[in-house]
Amino acid sequence: MNVFGLLPIFLIGLLGGVHCVGMCGGIVGAFSVATPRRPFPVPVLTQDSWFSEATGSGLRVLAFNAGRIGSYLIAGALAGLLGNIPAMMNIAMLQRGGYWLANLMLVALGLTLMGAWQGLSRVEKLGQWAWQGLQPLSRHCLPVTTVWQALALGALWGWVPCGMVYSVLMTALVTGSAAHGASVMLAFGLGTLPLLFSMGMLGSRLQANLQTPVVRTLAGWLVLMFGLLGLYRAATGASHGWLDILCIVPVP
């Protein structure tokens, strides 16, 4: 899988960040509350103390997100391994079906982002059983006083049931390779990083701006376009350079 094949996945993560900010805003806020800030002896911060506080906060938020993306990598590798089974058995029909399903999930994600359909919330319930087992582990990481605790807490965060993550995992599945599946989820995770990192630093101010109907509708339409182009490619067999850059490309 070349870097161009990962471009739409990165963009889906970037555009889907508006969903992440809405869904995970409470999680990020809870992490921030559970993270003690260094007290200062004077009410007015000096330039050096402000820089130190901002740097510490930035490192914690970055560690949260690094742990989250690390969990995405593991999930993507497992999905890629699972997707390799039809290839090993030479069941082309299952491979093609997985490609169609991956693009249908992107269509569903686009509709969810724009608020036209909420069916992905039912998909999220499938992951509740795993999250119920992992959630109690978060107590061992709170309050967050070190970067390592933030990293561990972020790793748990990566397994929070999320329809958007499941949509992209379907793409990791059709790669049929652990390395390619992990690459897909890395591209997706890096796409979500700018908004979620900013959310961790700016809080509710950014969340309010990104949850406006205009922003969500625009992001939804763009993700929907990726899914529809992929379905067009699957239905017609069309293969062009520009189309392959904008679509999930099936495993040959």
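The structure under discussion appears in the preceding block.
Residues numbered from 1 in each chain as written. Predicted model: local features only at pLDDT ≥ 70, side-chain atom pairs only at ≥ 80, totals over all residues. Heavy atoms only, no water.

> Just checking my understanding: could you explain the overall build of the protein chain for this structure?
Within the protein chain, the regular secondary structure consists of twelve helices and zero strands. From first element to last, N terminus to C terminus, the protein chain shows the α and β order α-α-α-α-α-α-α-α-α-α-α-α. Sorting the 252 residues of the protein chain into buried and exposed places 45% on the buried side. Taking the contacts inside the protein chain whose residues are at least 6 apart along the sequence as the reference set, 79% of them involve residues at least 24 apart. Accessible area of the protein chain: about 12700 Å², with a carbon and sulfur share of 72%. (Helix = DSSP H or I, 4+ residues; strand = E, 2+ residues; numbered from the N terminus. Buried < 20%, exposed > 50% of the residue type's maximum accessible area, 1.4 Å probe, protein only. Contact = heavy atoms within 4.5 Å. Areas by Shrake-Rupley, 256 points an atom, 1.4 Å probe, with all protein chains shown as cover.)

> What exactly am I supposed to notice about the nonpolar core here?
Here is a general trend for soluble globular proteins: nonpolar side chains tend to be buried in one another's company. Core analysis: the largest hydrophobic core is formed by 43 residues, its most contacted members being L109, V165, V168, L169, V184, M185 and F188. Among the elements of the structure, α1 (3-15), α2 (17-33), α3 (47-88), α4 (92-113), α7 (147-157), α8 (163-175), α9 (178-202) and α11 (213-236) are those that each provide at least two residues to this core. It is α8 that provides the largest number of residues to this core, a total of eight residues. Not counting residues within four places of it along the chain, the set of residues in contact with V168 comprises I9, I12, V184, M185 and F188. (Core = buried A, V, L, I, M, F, W, Y, C linked by side-chain atoms within 4.5 Å.)

> Looking at this structure, I do not really get the environment of A66. What am I missing?
Inspection of the secondary structure assignment puts A66 in helix α3. By relative accessible area, which is 40% here, A66 ends up partly exposed. Residues A66 and A155, 89 residues apart in the sequence, show an inter-C-alpha distance of 7.7 Å.

> Which parts of the structure should I look at to understand the environment of S167?
On the secondary structure map, S167 appears in helix α8. The class of S167 is buried, set by a relative accessible area of 0%. The spatial distance from the C-alpha of S167 to the C-alpha of A108 is 8.3 Å, given a sequence separation of 59 residues. The residues contacting S167, other than those within four sequence positions of it, are M105, L109 and L120. Polar side-chain contacts of S167 include one of 2.9 Å to the backbone oxygen of G163. (Polar contact = N/O pair within 3.5 Å; in protein donor to acceptor, adjacent residues only side chain to side chain.)

> Would you mind showing me how to read α11 here?
Because an α-helix completes one turn every 3.6 residues, residues spaced three or four positions apart along the sequence face the same direction. Across its 24 residues, α11 extends 34 Å between first and last C-alpha, which sits within 8% of the 34 Å expected from 1.5 Å per residue. Here α11 has its buried residues at R216, A219, G220, V223, L224, F226, G227, L229, G230, L231 and R233. Just downstream of α11 lies G237, where phi reads positive at about 75°. (Expected span 1.5 Å × (residues − 1).)

> Which parts of the structure should I look at to understand the environment of A63?
Relative to the helices and strands, A63 is located in helix α3. Along the primary structure A63 and L153 are separated by 90 residues, whereas in three dimensions their C-alpha atoms are 8.8 Å apart. In contact with A63, not counting residues within four places along its chain, are V147, A150 and L151.

> Please explain a nonpolar patch on the surface as it appears in this structure.
Among the surface-exposed residues, F10, L14, L186 and L190 lie close enough to one another that they form a single nonpolar patch of about 280 Å² accessible area. Those elements that place two or more of their residues in the nonpolar patch are α1 and α9. You can see F10 is positioned in helix α1. Judged by relative accessible area, which is 31%, F10 ranks as partly exposed. (Patch = residues over 30% accessible without salt bridge, like charges linked within 9 Å, V, L, I, M, F, W, Y side chains within 5 Å. Salt bridge = Lys/Arg side-chain N within 4 Å of Asp/Glu carboxyl O.)

> Mind showing me how you'd approach α7 here?
Within the sequence span of α7, burial applies to Q149, A150, L153, G154, L156 and W157. Buried positions in α7, seen along its axis, are confined to an arc of 155° and lie on one side of it. (Arc of directions from axis to C-beta.)

> Could you clarify how one ought to interpret the packing of α8 against α9 in this entry?
The axes of two packed helices give the description: the angle between them and the distance between them. α9 packs onto α8 with a crossing angle of 150° between their chain directions and a minimal axis gap of 7 Å. One element, α8, and the other, α9, form an angle in the roughly antiparallel class. Remark: the crossing between α8 and α9 carries right-handed chirality. The residues of α9 that touch α8, namely those facing M164, V165, V168, L169, T171, A172 and T175, are H180, G181, V184, M185, F188 and T192. Looking at side-chain class alone, the contact of α8 with α9 contains eight nonpolar, five polar and no charged residues. (Axes fitted to C-alpha atoms, helices over the stretch in contact; angles between N-to-C directions. Parallel < 35°, antiparallel > 145°, perpendicular 65-115°, else oblique. Left-handed = near helix turned anticlockwise from the far one by under 90°. Nonpolar A, V, L, I, M, F, W, Y, C, P; charged D, E, K, R; others polar.)

> Which parts of the structure should I look at to understand the packing of aromatic side chains?
Ring pairs (aromatic) are described by centroid distance and by the angle formed between their planes. Within this structure, the stated rule accounts for one aromatic pair. Judged by centre distance (5.6 Å) and plane angle (45°), the ring pair of Y72 and F188 falls under tilted. Of this pair, Y72 sits in helix α3 while F188 is found in helix α9, placing the two residues 116 residues apart along the sequence. Note on F188: relative accessible area 0%, which makes it buried. Directly above the aromatic system of W157 lies the positively charged group of R68, at a separation of 5.3 Å from the ring centroid. (Phe/Tyr/Trp six-rings, centres within 6.5 Å; stacked < 30°, edge-to-face > 60°. Lys NZ or Arg CZ within 6 Å of the ring centre and 35° of its normal.)

Honestly, it's all geometry; don't read function into it.
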